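Residue-level structure breakdown
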Amino acid sequence: MPGPSQGGCIVGQRAAPERPVNAAPLRLLVTDDQPIIRRGLALMLDAEDDIAVVGQAADGQQALELARALRPDVVVMDLQMPRLGGVAATRQLAAELPRVRVVVLTTFDDDELVYEAVRAGAHAYLLKDAAEAEVLETVRAVHRGESRLSPAVARKVLEQFRTLAASARHAGSPPPYPGAAHAPAPHPLDEPLSDKEERVLALLADGLSNRQIAERVFLAEGTVKNYVSRIMDKLHARNRIELAVLAQTRRG
């Protein structure tokens, strides 16, 4: 695994924009303490017609200051930075500006860092060797309200959630993730899931996006989004990550 000074490469073909004609561009803030990576990301992202990079931050503290002033839609956030790291900055952003969505982009896939970043409020977690198309699609996806974790990262997070949730229930401690105290027992449900909903839920728990799920179950992406919303209502989950945790619990 590359260290923090090694950075990473972002290569590949660009994803096509998905926005209505004449819609305002997605406002983006790029945060990374390495100037070459930060500027490279900003240039690559700002080249897209539907994305406008409104600021660049060299650390978490500057990211907070710029986010308060610029009100971006999405912040691309590194984790290991001076003054204030990405996890702490993400946590504060979630508290102060809950409409701002955070995409973690880092060289680190350490289990604890992954877990802490998601717990702090990150909506996506990517490594810096991700393809350019994956970075672009992830930024657009979180802006649409989706959460994105690669299957490998999702497994790390969900295993941590399950382990800590079980320990917390046993010890009577506070829940390990927001909403866990209010999450229902896996069974029984007030209204059972249909076979199609069970399939969609299983794929979501494996870390697939709405588009990937749509391809697997032969439905339109918008239909899958509606399925996910209905499943969240039935399981009383507040977001896709909580929903994935519940899905893993239901698997037993």
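Before going into details, it helps to say that this report is about the structure given with it. Keep in mind the model is a prediction, meaning the values are calculated, not measured. (Residues numbered from 1 in each chain as written. Predicted model: local features only at pLDDT ≥ 70, side-chain atom pairs only at ≥ 80, totals over all residues. Heavy atoms only, no water.)

What follows is about the pairing of strand S5 (residues 124–127). The sheet contact formed by strand S4 (residues 101–106) and S5 spans 4 bridges and is parallel. When the sheet's bridge partners are listed, Val104 is paired in S5 with Tyr125. Handedness of the β-α-β unit built from S4, helix H4 (residues 111–120) and S5 comes out right-handed. Taken together, the 2 bridges between S5 and strand S6 (residues 148–149) define a ladder with parallel strand orientation. (Pairing = 2+ DSSP bridges. Helix = DSSP H or I, 4+ residues; strand = E, 2+ residues; numbered from the N terminus. Right-handed = clockwise from strand over helix to strand, strands pointing away.)

Before going further, it helps to examine the environment of Ala57. Here Ala57 is to be found in strand S2 (residues 51–57). We classify Ala57 as buried; its relative accessible area is 0%. In this structure, the C-alpha to C-alpha distance between Ala57 and Arg38, residues 19 residues apart in sequence, is 8.1 Å. Sequence-distant contacts of Ala57, defined by excluding residues within four places in its chain, comprise Leu29, Val30, Thr31, Asp32, Arg38, Gln62, Ala63 and Leu66. (Buried < 20%, exposed > 50% of the residue type's maximum accessible area, 1.4 Å probe, protein only. Contact = heavy atoms within 4.5 Å.)

Moving on, we come to the sheet that holds strand S1 (residues 26–31). The strand order across the open sheet built from 6 strands is S2-S1-S3-S4-S5-S6, with neighbouring strands paired in parallel fashion. This sheet does not close on itself; its edge strands, each paired only once, are S2 and S6. By the bridge criterion, 4 bridges tie strand S3 (residues 74–77) to S4 in an arrangement that is parallel. Pairing of Val76 across the sheet is with Val103, part of S4. Against the sheet, helix H2 (residues 60–70) engages S1, S2 and S3, with an angle of about 135° to S2. (Axes fitted to C-alpha atoms, helices over the stretch in contact; angles between N-to-C directions.)

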